[in-house]
Amino acid sequence: MTATTTADRSNRLAITRVGGQMIADYWEDLFVAREQGRKIVWYNGGALNPMFQAAGLAWCHGEAFAARLAAQHLEGPAQLAGAEYGYNAELCSYSRTHLGCAVLTLQGTKEPESGVVGLHDRADLASRLPAPDFFVNNYAGCSTGQQWDEVSFRVFGKQVPIFNVSHPFLWGNKPDAGYLSGEEWESASKYVRDQLVELIGFLEAQVGRPFDYDRLSESMTYIKRAAELRREGLDLCKATPAPATFWDWIACVAPINFLPGNQALVDYFQGVKDEIQDRLATGVSGVQDERYRLYFDGIMNWNKLGFLARKFADHGAAVVAGRYIQNAFWQEPQLIDTSDPLLGMAQHYLLCPTNHGNKTLEYLTLRDCREYDVDGIVFHSTRTCRAFTGPQRLLAKAARDQLGIPSIFFEGDVADASFYKEEILDSRLVAMLEAIDIARERGDHKLAGAGATVVGSS
Amino acid sequence: MTSTTAMDRLRAAARDHRAYVEQWRVRHPGRPVVGVTPMNFPREIVLAAGALPVVIPDDQRPVGEGRAYLPEFYCGFTRNLADQAATGRLGHYDAILLADHCIQLLGASDVARALGARTPVFFGMLISSLSDSWAPARITEMMGQFRAEAERLTSAPVTDGALRAAIAAYNADRALLRQVFDARAAGDATWSPADLQDLVASALIMDPVEHHALLAEALAGIGPAARDDRVRVHLSGHLCHAPRRELLEVIEDCGAVVVDDDLWTGRRYVQSNVPLEEGGDPMEAIARWYAERNTRLPCPTRVQHDADWDSWLVDAVRRSGAEAVVHLMPKFCEPHMFLYPELRKALDAAGIPQLLVETEHEGIPLESFRTRLEALVERALRRRPAYA
């Protein structure tokens with residue numbers, strides 16, 4: 001059988017390779033942290049890494065580690081270990097992968113107990129993750145996050161200290177409730193900020209020395225600058241054709257989400273912005289012959305990143321924006337006062353893209369669809385992520401009713417490739433793009449929205 | 001079991017809550033009916049405001065139009081709620097109040113909010129991390145918000161006196177129900193699991209004074225019935241909504257007798273009273289009720305380092321003399337999925353046979369369950385001493 005190849009029409013930013021190396025170096029450094037005498041914290045949810053950096057810790061973001069395993073197609077052994085331990089396959093695959101790592105890490109310190117996962121796998125993969133000295137949970141939005149770390153605490157025999165930061169869900173009860181505004185926002189911000197003060201006391205007790213506030217300010221100064229550059233780069237991608245796509249920004253998630261706040265981080269995002277600006281100046285686009293501009297809603301399907309980038313580009317579809325990019329990861333840097341960063345940090349934790357009621361999500365989604373001149377929405381119906389998927393059908397309806405934008409749903413998952421349905425995505429994507437073509441010919445694309453379709457939403 | 005008039009009325013309320021609500025409205029013109037979501041909303045506050053607080057049940061109808069609003073991998077209860085919202089079946093509530101931060105429940109509630117423009121949906125998030133030093137103050141603050149919301153909905157003040165009366169009414173009803181559960185665990189086989197579920201499910205719907213009176217009438221004159229020698233089982237799990245009655249019937253039909261449970265529509269609801277002392281502050285007591293109830297029967301939706309559902313379950317099994325545990329896990333219930341391995345480990349360590357049954361909202365494969373349940377019963381029987 002002869003393999004057929006098609007030219008890759010995606011044109012990814014070259015700078016992301018630099019980011020990839022930074023991430024690889026970060027994980028290698030974490031794997032040897034114990035030998036270097038550093039204490040290790042496992043955490044989930046919002047980006048607490050500046051606090052850990054200031055406290056002189058090594059940190060492992062559970063979701064990030066699960067995502068990395070999935071992106072490298074190395075998630076299998078951890079997920080098997082989790083399954084053997086008893087975790088149901090419908091459980092959040094981030095948590096299932098990470099808990100599987102916990103099981104493997106524990107087994108790595110004892111005689112092997114598993115008949116499923118081989119010694120070679122354990123040595124090479126998840127068990128490289130050093131066991132935690134303590135946990136910190138900082139999960140906004142999804143109730144699963146807090147339960148996940150509580151179970152990690154129990155898997156480790158309740159012998160490892162744990163600290164929880166509780167985040168009010170920004171439901172929007174009151175008439176004044178809005179994005180970054182209203183009494184609910186103000187009170188929630190203060191409540192979480194006060195808990196961060198408590199967290200500092202916990203960290204001091206764990207490391208046995210006073211917290212270094214100056215170091216926190218320094219780290220947050222770098223992160224704020226990196227976040228500003230990231231936002232400026234995102235704004236540049238409103239151009240038609242887009243100089244870079246959602247997939248490029250996905251490749252930039254890890255650096256902004258958990259790498260140390262330092263000059264290297266700023267340099268990286270300066271490089272990202274510079275490359276985008278250079279592309280604009282020279283007329284280079286992120287997708288060859290861009291014909292469609294799409295919005296991607298859903299948490300990333302990590303084991304399909306390059307694959308999806310090529311698939312969409314193959315149809316001339318530039319995915320130009322998405323909830324997981326525009327509305328996440330230090331996305332409102334103006335909130336950060338670097339001399340006293342705790343409030344701005346707390347606010348960013350609250351701004352997790354799954355921590356809003358539908359009214360706010362509708363506002364954000366429609367705003368971004370307008371600003372990026374979007375033709376259609378692709379909803380990644382992320383099988384084991386109820387937090388991201390819950391409001392998607394209401395968002396699809398709002399986009400259709402208010403902007404006349406069609407949408408499709410496809411099923412996949414954050415870290416479990418078995419849920420990805422290739423043919424469903426293919427057929428629905430083609431159908432939506434054809435519908436956009438027809439609507440353009442008729443001249444009613446993105447007008448009243450009457451008759452626009454939501455493909456595969458039932 | 002019995003077919004008394006009182007029992008019939010309780011059963012009717014449990015199985016057709018909308019009819020009960022209609023009747024209640026006729027008897028209480030002008031007073032609002034408030035739907036509250038399970039499992040932690042303090043209904044006492046709503047009752048004290050003069051409204052009827054109904055714990056919104058899964059109405060057990062197949063999910064149709066609701067499929068357009070929530071994905072199929074949400075739990076059956078929340079998909080059913082979305083379906084109720086999509087088809088106007090939540091229209092008998094004047095407001096909906098939530099206290100539990102479950103992402104699936106919030107998803108369904110957002111559907112209700114989006115589709116029911118005239119029905120306010122208020123979410124006051126009770127802190128779920130109960131080991132934190134700031135949890136008590138946060139709980140008290142949120143209970144105050146519930147009180148303010150109840151006053152706003154009814155345009156009437158919630159007085160301390162009315163709160164005390166509401167607490168007393170619910171406490172009395174739960175205490176009477178608890179007696180039935182305790183008697184069952186001690187050997188009384190009067191009530192089938194389906195009947196007991198009706199007793200609790202009706203309590204989740206009805207005015208507590210009315211429920212208590214009917215319950216007392218239903219219990220009157222019914223002496224204890226001795227257990228037979230079927231295998232004694234404990235039913236565990238099924239948060240937020242009731243398991244299908246036919247499943248409960250199959251369990252007993254397979255040679256088992258249910259002797260205890262920790263189901264939401266079972267012991268989990270009745271386990272704890274609001275600890276109001278003579279002259280005490282009723283709001284403080286309600287806050288304590290929430291803060292402490294997780295230690296009385298640990299719930300996987302809460303995070304509390306010193307409250308262990310697994311050890312509670314082993315202790316409960318020892319108290320009732322159960323010979324096996326049947327885990328009833330609603331498909332896609334993440335808190336239950338997280339804790340299940342810990343439950344399994346603890347029961348294995350204690351040498352207690354167990355079976356996991358994953359329930360679905362539609363299409364329960366009863367015959368498949370029957371085979372597995374029969375295997376569990378056989379396994380438990382083989383463990384009995386030869387002379388038994």
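Everything below is about the structure shown above.
Residues numbered from 1 in each chain as written. Chains lettered and ligands numbered in written order. Predicted model: local features only at pLDDT ≥ 70, side-chain atom pairs only at ≥ 80, totals over all residues. Heavy atoms only, no water.

On to the overall build of chain B, then. In terms of helices and strands, chain B carries 15 helices and eight strands. Overall, the C-alpha framework of chain B stretches about 65 × 50 × 50 Å when taken along its three principal axes. Residue burial in chain B is summarised as follows: out of 388 residues, 64% are buried. Put simply, 75% of the contacts in chain B that link residues at least 6 apart link residues at least 24 apart. With the model as given, the accessible surface of chain B reaches about 13700 Å², and the carbon-plus-sulfur share is 50%. (Helix = DSSP H or I, 4+ residues; strand = E, 2+ residues; numbered from the N terminus. Buried < 20%, exposed > 50% of the residue type's maximum accessible area, 1.4 Å probe, protein only. Contact = heavy atoms within 4.5 Å. Areas by Shrake-Rupley, 256 points an atom, 1.4 Å probe, with all protein chains shown as cover.)

Turning our attention to the environment of B:Pro243. Residue and element names in this part refer to chain B. Topologically, Pro-243 is positioned in the loop between β5 (231-237) and α10 (245-253). Note on Pro-243: relative accessible area 0%, which makes it buried. The sequence separation of Pro-243 and Phe-332 amounts to 89 residues, and the corresponding C-alpha distance is 14 Å. Discounting chain neighbours no more than four positions away, the residues touching Pro-243 are Gln-60, Gln-197, His-238, Leu-248, Leu-263, Thr-265 and Leu-328.

This part takes up the sheet that holds strand β2 (residues 52-55) of chain B. Residues and elements named next belong to chain B. Strand order across the open sheet formed by four strands is β2-β1-β3-β4, with parallel pairing between neighbours. Both outer strands of the open sheet, β2 and β4 (121-123), are each paired with one neighbouring strand and no more. Strand-to-strand twist of the sheet, defined as the mean angle between neighbouring strand axes without regard to direction, takes the value 25°. Where strand β3 (residues 95-98) lies against β4, three bridges are found, and the strand directions are parallel. The residue bridging Leu-97 from the neighbouring strand is Phe-122, located in β4. (Pairing = 2+ DSSP bridges. Axes fitted to C-alpha atoms, helices over the stretch in contact; angles between N-to-C directions.)

In this section: the pairing of strand β6 (residues 256-261) of chain B. Residues and elements named next belong to chain B. In terms of burial, β6 is largely enclosed, as six of its six residues are buried. In terms of strand pairing, β5 meets β6 through five bridges, oriented parallel. Paired with His-234 across the strands is Asp-260, a residue of β6.

So, about the side chain of B:His17. Within the secondary structure, B:His17 sits in helix α2 (residues 17-27). With residues near it in sequence (within four places) discarded, B:His17 still touches B:Pro57, B:Asp59, B:His92, B:Tyr93 and B:Ile205.

Given 3.6 residues to a turn, an α-helix orients residues that are three or four positions apart in the same direction. Residues and elements named next belong to chain A. For helix α18 (residues 392-403), with twelve residues, the first-to-last C-alpha span of 16 Å sits near the 16 Å given by 1.5 Å per residue. Those residues of α18 not exposed but buried are Gln-392, Arg-393, Leu-394, Leu-395, Ala-396, Ala-398, Ala-399 and Leu-403. Note on α18: the residue one or two positions beyond its end, Gly-404, has a positive phi of about 70°. (Expected span 1.5 Å × (residues − 1).)

Bringing the pairing of β5(B) into the picture now. All names here are of chain B. Taken across its seven residues, β5 has six buried, putting it largely inside the fold. Once you follow β5 into α10 and on to β6, the crossover reads as right-handed. Relative to strand β7 (residues 324-330), β5 runs parallel, the two being bridged by five bridges. Paired with Val-233 across the strands is Ala-324, a residue of β7. (Right-handed = clockwise from strand over helix to strand, strands pointing away.)

Now for unusual backbone geometry. Leaving glycine out, the prevailing phi sign among residues is negative, and the prevailing peptide bond configuration is trans. Residues and elements named next belong to chain A. Residue Pro-241 follows Thr-240 across a cis peptide bond; omega there is -10°. Here Pro-241 lies in the loop between α9 (213-236) and α10 (246-251). Positive phi, normally seen in glycine, also occurs at Asp-373, with a value near 55°. Topologically, Asp-373 is positioned in the loop between α16 (358-371) and β7 (376-382).

Bringing the packing of helix α7 (residues 160-186) of chain B against helix α9 (residues 208-219) of chain B into the picture now. Each pair of packed helices gets described by two things: the angle between the helix axes and the distance between those axes. Residue and element names in this part refer to chain B. Closest axis-to-axis distance for the α7/α9 pair is 8 Å, and the angle between their directions is 25°. Comparing the axis directions of α7 and α9 gives the class roughly parallel. As α7 runs across α9, the sense of the crossing is left-handed. Together, Ala-169, Tyr-170, Ala-172, Asp-173, Leu-176, Leu-177 and Val-180 of α7 and Pro-208, Val-209, His-211, His-212, Leu-215, Ala-216 and Leu-219 of α9 make up the contact between the two elements. Of the residues assigned to the contact of α7 with α9, the class counts are eleven nonpolar, two polar and one charged. (Parallel < 35°, antiparallel > 145°, perpendicular 65-115°, else oblique. Left-handed = near helix turned anticlockwise from the far one by under 90°. Nonpolar A, V, L, I, M, F, W, Y, C, P; charged D, E, K, R; others polar.)

On to empty space enclosed by the protein. Residues and elements named next belong to chain B. The tally for this structure, following the rule as stated, stands at nine cavities of 30 Å³ or more. Each pocket or cavity is described by its volume, and for the largest cavity that value is around 200 Å³. Lining the largest cavity are 22 residues, with Cys-102, Cys-240, Thr-301, Cys-333 and Pro-335 sitting closest to its centre. When grouped by side-chain class, the residues that make up the lining of the largest cavity number twelve nonpolar, seven polar and three charged. (1 Å grid on protein atoms, 1.4 Å probe; cavity = no way out; pocket = protein on both sides within 12 Å on 5 of 7 lines; lining within 4 Å. Points joined across faces, edges and corners; volume = space filled by probe spheres on them.)

As a further point, take the packing of α9(A) against helix α12 (residues 263-282) of chain A. Residues and elements named next belong to chain A. Running from N to C, α9 and α12 point in directions that differ by 15°, and their axes come no closer than 8 Å. Looking at the two axes, α9 sits roughly parallel to α12. At the point where α9 passes α12, the crossing takes the left-handed sense. From α9, Tyr-222, Ile-223, Arg-225, Ala-226, Leu-229, Arg-230, Glu-232, Gly-233 and Leu-236 reach across to α12, where they touch Gln-263, Leu-265, Val-266, Phe-269, Gln-270, Lys-273, Ile-276, Gln-277 and Leu-280. Here the residues of the contact of α9 with α12 are counted per class, giving ten nonpolar, four polar and four charged.

Right, let's get into the nonpolar core. If you look at the biggest cluster of nonpolar residues, it comprises 271 residues, and the most contacted ones within it are A:Met51 and A:Tyr94. When residues of this core are assigned to their parent elements, the largest contribution, ten residues, is made by helix α8 (residues 183-207) of chain A. Aside from chain neighbours lying at most four places away, what touches A:Met51 is A:Leu196, A:Leu199, A:Ile200, A:Leu203, A:Phe211, A:Leu216, A:Leu342 and A:Met345. Residues B:Leu235, B:Ala256, B:Val357 and B:Phe369 belong to the second largest nonpolar core, which totals 22 residues. (Core = buried A, V, L, I, M, F, W, Y, C linked by side-chain atoms within 4.5 Å.)

Let us now look at the layout of surface pockets. The computed volume of the second largest pocket comes to approximately 600 Å³. As for the second largest pocket, its lining consists of 31 residues, and the residues nearest its centre are A:Asn173, A:Glu184, B:Phe122, B:Phe123 and B:Gln145. Of all elements in the fold, only α8 of chain A together with β4 and α6 (135-154) of chain B reach the threshold of two or more residues within the lining of the second largest pocket. Top contributing element to the lining of the second largest pocket by residue count: α6(B), with seven residues. Residues that form the lining of the second largest pocket fall into these classes: 14 nonpolar, eight polar and nine charged.

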